[in-house]
Amino acid sequence: MKSLMQFNELSGMSDHALLEAYVNGIPGASKILTDRFMPKIFAQAFHRILNEADADDITQEAMLRLWRIAPNWEQGNAKISTWLYKIVNNLCVDRMRQRKTEHLEAVSEPIDNRQNVTDSILNKSRANALYSALARLPVRQREAVSMRHLEGISNPEIAEKLELSIRAVKSLIARGKRTLSETLQSQKSEIGYQND
Amino acid sequence: MTENKNNRGFELEDFFAATKKNAPVASETLRYKILKTSEQEFHKSNSFILKQSHKSWWNKLFKEFGGFYSVAGYGAVAAVGIFIGFSSPSWSKLILQFEKKSTVVELEFADPFADVTLLYLEE
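### Considering the overall build of chain A
Secondary structure summary: chain A contains 9 helices and 0 strands in total. Tracing chain A from N to C terminus, the helices and strands come up as α-α-α-α-α-α-α-α-α. When each of the 196 residues of chain A is scored for burial, the buried share is 34%. In chain A, the share of contacts with a sequence separation of at least 24, taken over all contacts with a separation of at least 6, comes to 58%.

### A short note on the interface of chain A and chain B
The partner chain B presents 26 residues to the 39 residues of chain A that form the contact. Here the side of chain A that touches chain B is built from residues that sort into 19 nonpolar, 10 polar and 10 charged.

### With respect to unusual backbone geometry
Residues and elements named next belong to chain A. Its identity as a non-glycine residue notwithstanding, Leu50 has a phi of 55°, on the positive side. As for its position among the elements, Leu50 is in the loop between helix H3 (29–49) and helix H4 (52–69). One non-glycine residue, Glu163, adopts positive backbone phi at about 55°. Along the chain, Glu163 falls in the loop between helix H8 (155–162) and helix H9 (166–185).

### Describing the confidence of the model for chain A
Chain-level statistics for chain A give a pLDDT mean of 83 and a share of 83% at 70 or above. Per-element confidence in chain A is highest for H4 of chain A, whose mean pLDDT is 94, and lowest for helix H1 (residues 2–11) of chain A, whose mean pLDDT is 66.

Reading guide: rules and limits
- Residues numbered from 1 in each chain as written.
- Chains lettered and ligands numbered in written order.
- Predicted model: local features only at pLDDT ≥ 70, side-chain atom pairs only at ≥ 80, totals over all residues.
- Helix = DSSP H or I, 4+ residues; strand = E, 2+ residues; numbered from the N terminus.
- Buried ≥ 20, exposed ≤ 12 C-beta atoms within 10 Å, placed from the backbone.
- Contact = placed C-beta atoms within 7 Å.
- Nonpolar A, V, L, I, M, F, W, Y, C, P; charged D, E, K, R; others polar.
- pLDDT = per-residue confidence, 0-100.

This is how it looks when you write it as C-alpha coordinates:
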(Lines give C-alpha, C1' and ligand atoms only; values in the text may rest on other atoms or scores of the structure.)
Protein backbone atom coordinates (compact mmCIF):
# COMPACT_ATOMS: atom_id res chain seq x y z
CA MET A 1 0.00 0.00 0.00
CA LYS A 2 2.82 2.32 0.98
CA SER A 3 4.76 1.55 -2.17
CA LEU A 4 1.66 2.18 -4.29
CA MET A 5 1.22 5.56 -2.64
CA GLN A 6 4.85 6.35 -3.25
CA PHE A 7 4.52 5.28 -6.88
CA ASN A 8 1.50 7.55 -7.34
CA GLU A 9 3.37 10.42 -5.72
CA LEU A 10 6.35 9.85 -8.00
CA SER A 11 4.16 9.66 -11.10
CA GLY A 12 3.01 13.22 -10.53
CA MET A 13 6.53 14.56 -10.18
CA SER A 14 8.34 16.61 -12.84
CA ASP A 15 11.19 15.07 -14.82
CA HIS A 16 13.76 17.07 -12.85
CA ALA A 17 12.28 16.04 -9.53
CA LEU A 18 12.26 12.40 -10.62
CA LEU A 19 15.90 12.58 -11.65
CA GLU A 20 16.73 14.03 -8.26
CA ALA A 21 14.73 11.25 -6.62
CA TYR A 22 16.73 8.71 -8.62
CA VAL A 23 20.00 10.25 -7.42
CA ASN A 24 18.72 10.10 -3.84
CA GLY A 25 17.97 6.41 -4.25
CA ILE A 26 14.19 6.63 -4.10
CA PRO A 27 12.90 3.34 -5.53
CA GLY A 28 10.64 3.61 -8.54
CA ALA A 29 12.00 6.91 -9.81
CA SER A 30 14.09 5.27 -12.54
CA LYS A 31 11.11 3.12 -13.60
CA ILE A 32 8.91 6.16 -14.13
CA LEU A 33 11.66 8.02 -15.96
CA THR A 34 12.21 4.98 -18.18
CA ASP A 35 8.50 4.68 -18.93
CA ARG A 36 8.33 8.38 -19.72
CA PHE A 37 11.32 8.62 -22.01
CA MET A 38 12.01 5.16 -23.46
CA PRO A 39 9.09 5.01 -25.94
CA LYS A 40 9.78 8.54 -27.21
CA ILE A 41 13.50 7.95 -27.59
CA PHE A 42 12.91 4.63 -29.31
CA ALA A 43 10.39 6.15 -31.74
CA GLN A 44 12.71 9.07 -32.49
CA ALA A 45 15.65 6.74 -33.11
CA PHE A 46 13.64 4.29 -35.19
CA HIS A 47 12.13 6.92 -37.48
CA ARG A 48 15.59 8.39 -38.05
CA ILE A 49 17.55 5.23 -38.76
CA LEU A 50 14.80 2.72 -39.62
CA ASN A 51 16.45 -0.16 -37.87
CA GLU A 52 15.02 -1.75 -34.74
CA ALA A 53 18.28 -3.14 -33.36
CA ASP A 54 20.02 0.20 -33.78
CA ALA A 55 17.06 2.02 -32.23
CA ASP A 56 17.36 -0.37 -29.25
CA ASP A 57 21.07 0.38 -28.86
CA ILE A 58 20.57 4.12 -29.17
CA THR A 59 17.74 4.13 -26.63
CA GLN A 60 19.87 2.20 -24.17
CA GLU A 61 22.87 4.46 -24.72
CA ALA A 62 20.81 7.64 -24.33
CA MET A 63 19.27 6.42 -21.09
CA LEU A 64 22.68 5.33 -19.81
CA ARG A 65 23.94 8.86 -20.40
CA LEU A 66 20.97 10.20 -18.48
CA TRP A 67 21.76 7.98 -15.47
CA ARG A 68 25.40 9.05 -15.63
CA ILE A 69 24.69 12.76 -15.76
CA ALA A 70 21.97 12.54 -13.10
CA PRO A 71 24.19 13.32 -10.03
CA ASN A 72 25.53 16.43 -11.77
CA TRP A 73 22.27 17.57 -13.36
CA GLU A 74 21.46 21.16 -12.48
CA GLN A 75 17.99 22.67 -12.32
CA GLY A 76 19.07 25.49 -14.60
CA ASN A 77 19.94 23.08 -17.41
CA ALA A 78 17.70 22.46 -20.40
CA LYS A 79 14.63 20.27 -20.09
CA ILE A 80 15.55 16.60 -19.83
CA SER A 81 13.44 15.75 -22.89
CA THR A 82 15.25 18.41 -24.97
CA TRP A 83 18.64 17.20 -23.74
CA LEU A 84 17.72 13.60 -24.60
CA TYR A 85 16.44 14.66 -28.03
CA LYS A 86 19.84 16.14 -28.85
CA ILE A 87 21.69 13.11 -27.53
CA VAL A 88 19.53 10.75 -29.61
CA ASN A 89 19.95 12.91 -32.68
CA ASN A 90 23.73 12.83 -32.34
CA LEU A 91 23.75 9.09 -31.73
CA CYS A 92 21.60 8.58 -34.84
CA VAL A 93 23.95 10.68 -36.94
CA ASP A 94 26.94 8.68 -35.64
CA ARG A 95 25.17 5.41 -36.35
CA MET A 96 24.21 6.45 -39.87
CA ARG A 97 27.77 7.49 -40.58
CA GLN A 98 28.95 4.11 -39.34
CA ARG A 99 26.58 2.01 -41.32
CA LYS A 100 25.90 4.02 -44.45
CA THR A 101 23.32 1.44 -45.48
CA GLU A 102 20.20 1.96 -47.48
CA HIS A 103 17.33 2.92 -45.18
CA LEU A 104 14.61 1.14 -47.04
CA GLU A 105 16.24 -2.25 -46.74
CA ALA A 106 16.15 -1.97 -43.01
CA VAL A 107 12.45 -1.29 -42.46
CA SER A 108 11.19 -3.76 -39.89
CA GLU A 109 8.56 -6.34 -40.49
CA PRO A 110 5.01 -5.43 -39.43
CA ILE A 111 4.29 -6.41 -35.88
CA ASP A 112 0.52 -6.26 -35.83
CA ASN A 113 -0.61 -9.85 -36.22
CA ARG A 114 -4.26 -8.82 -36.48
CA GLN A 115 -3.70 -7.15 -39.81
CA ASN A 116 -4.59 -9.29 -42.76
CA VAL A 117 -1.93 -9.97 -45.34
CA THR A 118 -3.18 -7.43 -47.89
CA ASP A 119 -3.39 -4.69 -45.28
CA SER A 120 -0.01 -5.59 -44.00
CA ILE A 121 1.59 -5.40 -47.44
CA LEU A 122 -0.23 -2.16 -48.18
CA ASN A 123 0.87 -0.64 -44.88
CA LYS A 124 4.43 -1.69 -45.45
CA SER A 125 4.54 -0.29 -48.97
CA ARG A 126 2.99 2.98 -47.74
CA ALA A 127 5.47 3.17 -44.87
CA ASN A 128 8.35 2.56 -47.25
CA ALA A 129 7.03 5.18 -49.64
CA LEU A 130 6.67 7.69 -46.82
CA TYR A 131 10.16 7.01 -45.46
CA SER A 132 11.56 7.34 -48.96
CA ALA A 133 9.74 10.65 -49.50
CA LEU A 134 10.78 11.87 -46.03
CA ALA A 135 14.41 11.14 -46.83
CA ARG A 136 14.22 13.59 -49.72
CA LEU A 137 13.02 16.47 -47.54
CA PRO A 138 15.43 19.07 -46.13
CA VAL A 139 16.66 18.02 -42.68
CA ARG A 140 14.62 20.51 -40.65
CA GLN A 141 11.40 19.77 -42.52
CA ARG A 142 11.98 16.04 -42.13
CA GLU A 143 12.60 16.37 -38.41
CA ALA A 144 9.56 18.56 -37.84
CA VAL A 145 7.18 16.36 -39.86
CA SER A 146 8.54 13.20 -38.32
CA MET A 147 8.22 14.53 -34.78
CA ARG A 148 4.72 15.88 -35.32
CA HIS A 149 3.15 13.06 -37.30
CA LEU A 150 5.13 9.95 -36.44
CA GLU A 151 6.27 10.59 -32.89
CA GLY A 152 3.21 12.61 -31.86
CA ILE A 153 5.12 15.53 -30.34
CA SER A 154 3.27 18.83 -29.93
CA ASN A 155 4.27 21.94 -31.89
CA PRO A 156 5.53 23.90 -28.83
CA GLU A 157 7.69 20.95 -27.84
CA ILE A 158 9.08 20.64 -31.37
CA ALA A 159 9.80 24.37 -31.34
CA GLU A 160 11.77 23.95 -28.13
CA LYS A 161 13.73 20.99 -29.43
CA LEU A 162 14.59 22.58 -32.74
CA GLU A 163 15.12 25.98 -31.09
CA LEU A 164 12.61 27.66 -33.40
CA SER A 165 9.41 29.64 -32.95
CA ILE A 166 6.10 27.78 -33.04
CA ARG A 167 5.21 29.68 -36.18
CA ALA A 168 8.40 28.52 -37.88
CA VAL A 169 7.65 24.93 -36.87
CA LYS A 170 4.14 25.14 -38.32
CA SER A 171 5.55 26.55 -41.53
CA LEU A 172 8.19 23.79 -41.73
CA ILE A 173 5.55 21.11 -41.22
CA ALA A 174 3.21 22.64 -43.81
CA ARG A 175 5.95 22.87 -46.42
CA GLY A 176 7.17 19.39 -45.61
CA LYS A 177 3.69 17.91 -45.94
CA ARG A 178 3.10 19.68 -49.23
CA THR A 179 6.31 18.23 -50.68
CA LEU A 180 5.47 14.80 -49.28
CA SER A 181 2.04 14.90 -50.89
CA GLU A 182 3.52 15.86 -54.23
CA THR A 183 6.14 13.12 -54.05
CA LEU A 184 3.66 10.45 -52.98
CA GLN A 185 1.06 11.50 -55.56
CA SER A 186 3.53 10.59 -58.26
CA GLN A 187 3.78 7.05 -56.86
CA LYS A 188 0.04 6.51 -56.41
CA SER A 189 -0.29 3.33 -58.40
CA GLU A 190 2.71 1.70 -56.75
CA ILE A 191 1.32 2.22 -53.28
CA GLY A 192 -2.18 0.91 -53.62
CA TYR A 193 -4.08 3.86 -55.08
CA GLN A 194 -5.82 3.60 -58.38
CA ASN A 195 -5.01 6.18 -61.00
CA ASP A 196 -8.27 7.76 -62.09
CA MET B 1 -14.59 18.14 -58.31
CA THR B 2 -13.41 14.75 -59.56
CA GLU B 3 -9.82 15.73 -58.71
CA ASN B 4 -10.88 16.78 -55.23
CA LYS B 5 -12.58 13.47 -54.72
CA ASN B 6 -9.46 11.64 -55.88
CA ASN B 7 -7.27 13.74 -53.65
CA ARG B 8 -9.50 13.02 -50.70
CA GLY B 9 -8.79 9.35 -51.34
CA PHE B 10 -5.11 10.16 -51.19
CA GLU B 11 -4.66 11.32 -47.63
CA LEU B 12 -1.22 11.89 -46.25
CA GLU B 13 -2.64 10.90 -42.88
CA ASP B 14 -3.10 7.36 -44.22
CA PHE B 15 0.62 7.17 -44.79
CA PHE B 16 1.40 8.44 -41.32
CA ALA B 17 -1.06 5.97 -39.83
CA ALA B 18 0.36 3.09 -41.87
CA THR B 19 3.90 4.03 -40.88
CA LYS B 20 3.02 4.24 -37.20
CA LYS B 21 1.25 0.91 -37.41
CA ASN B 22 4.26 -0.59 -39.11
CA ALA B 23 6.83 0.83 -36.69
CA PRO B 24 8.02 -1.38 -33.85
CA VAL B 25 7.69 -0.32 -30.22
CA ALA B 26 10.30 -0.50 -27.48
CA SER B 27 10.40 -4.01 -26.07
CA GLU B 28 10.15 -5.20 -22.47
CA THR B 29 13.67 -6.59 -22.79
CA LEU B 30 14.95 -3.12 -23.58
CA ARG B 31 13.06 -1.71 -20.60
CA TYR B 32 14.62 -4.37 -18.36
CA LYS B 33 18.12 -3.59 -19.68
CA ILE B 34 17.62 0.15 -19.11
CA LEU B 35 16.42 -0.40 -15.56
CA LYS B 36 19.36 -2.68 -14.86
CA THR B 37 21.85 -0.06 -16.07
CA SER B 38 20.06 2.54 -13.95
CA GLU B 39 20.71 0.40 -10.87
CA GLN B 40 24.34 -0.21 -11.83
CA GLU B 41 24.97 3.46 -12.44
CA PHE B 42 23.28 4.37 -9.18
CA HIS B 43 25.56 2.01 -7.23
CA LYS B 44 28.63 3.24 -9.11
CA SER B 45 27.92 6.90 -8.38
CA ASN B 46 27.03 6.08 -4.78
CA SER B 47 30.29 4.25 -4.10
CA PHE B 48 32.13 7.13 -5.75
CA ILE B 49 30.38 9.63 -3.47
CA LEU B 50 31.23 7.47 -0.44
CA LYS B 51 34.91 7.33 -1.43
CA GLN B 52 34.90 11.06 -1.97
CA SER B 53 33.37 11.75 1.44
CA HIS B 54 35.99 9.53 3.17
CA LYS B 55 38.91 11.55 1.93
CA SER B 56 37.07 14.78 1.64
CA TRP B 57 38.32 16.66 4.76
CA TRP B 58 42.00 16.69 3.86
CA ASN B 59 41.30 16.80 0.16
CA LYS B 60 39.25 19.96 0.61
CA LEU B 61 41.92 21.49 2.86
CA PHE B 62 44.59 20.65 0.30
CA LYS B 63 42.57 22.35 -2.43
CA GLU B 64 41.84 25.34 -0.18
CA PHE B 65 45.56 25.94 0.13
CA GLY B 66 46.03 25.86 -3.62
CA GLY B 67 47.28 22.36 -4.38
CA PHE B 68 50.61 20.55 -4.05
CA TYR B 69 53.10 23.29 -5.01
CA SER B 70 51.37 25.84 -2.87
CA VAL B 71 51.30 23.53 0.15
CA ALA B 72 54.98 22.63 -0.41
CA GLY B 73 55.84 26.36 -0.45
CA TYR B 74 53.88 26.99 2.73
CA GLY B 75 55.67 24.05 4.33
CA ALA B 76 59.12 25.32 3.43
CA VAL B 77 58.36 28.81 4.72
CA ALA B 78 56.94 27.38 7.93
CA ALA B 79 60.05 25.20 8.43
CA VAL B 80 62.37 28.22 8.05
CA GLY B 81 60.18 30.26 10.40
CA ILE B 82 60.25 27.55 13.05
CA PHE B 83 64.02 27.20 12.68
CA ILE B 84 64.56 30.90 13.15
CA GLY B 85 62.17 30.99 16.05
CA PHE B 86 63.66 28.11 17.96
CA SER B 87 67.35 28.28 17.02
CA SER B 88 69.79 29.12 19.87
CA PRO B 89 71.29 32.67 20.11
CA SER B 90 74.75 31.24 19.28
CA TRP B 91 73.52 30.81 15.76
CA SER B 92 72.87 34.52 15.48
CA LYS B 93 76.42 35.20 16.81
CA LEU B 94 77.81 32.95 14.14
CA ILE B 95 75.95 34.93 11.56
CA LEU B 96 77.38 38.18 13.00
CA GLN B 97 80.91 36.76 12.90
CA PHE B 98 80.45 35.82 9.31
CA GLU B 99 79.33 39.34 8.54
CA LYS B 100 82.46 40.82 10.21
CA LYS B 101 84.78 38.56 8.24
CA SER B 102 83.33 39.48 5.01
CA THR B 103 83.94 43.25 5.30
CA VAL B 104 84.52 44.89 2.02
CA VAL B 105 88.09 45.99 1.39
CA GLU B 106 88.03 49.41 -0.12
CA LEU B 107 90.95 50.11 -2.37
CA GLU B 108 92.19 53.60 -2.83
CA PHE B 109 93.82 54.15 -6.09
CA ALA B 110 96.69 56.66 -6.04
CA ASP B 111 96.89 59.17 -8.82
CA PRO B 112 99.99 58.13 -10.83
CA PHE B 113 100.44 61.64 -12.18
CA ALA B 114 100.19 63.50 -8.85
CA ASP B 115 103.99 64.00 -8.57
CA VAL B 116 104.30 65.11 -12.15
CA THR B 117 102.09 68.07 -11.65
CA LEU B 118 104.15 69.01 -8.52
CA LEU B 119 107.32 68.94 -10.60
CA TYR B 120 105.86 71.34 -13.09
CA LEU B 121 104.84 73.70 -10.29
CA GLU B 122 108.35 73.65 -8.80
CA GLU B 123 109.82 74.63 -12.18
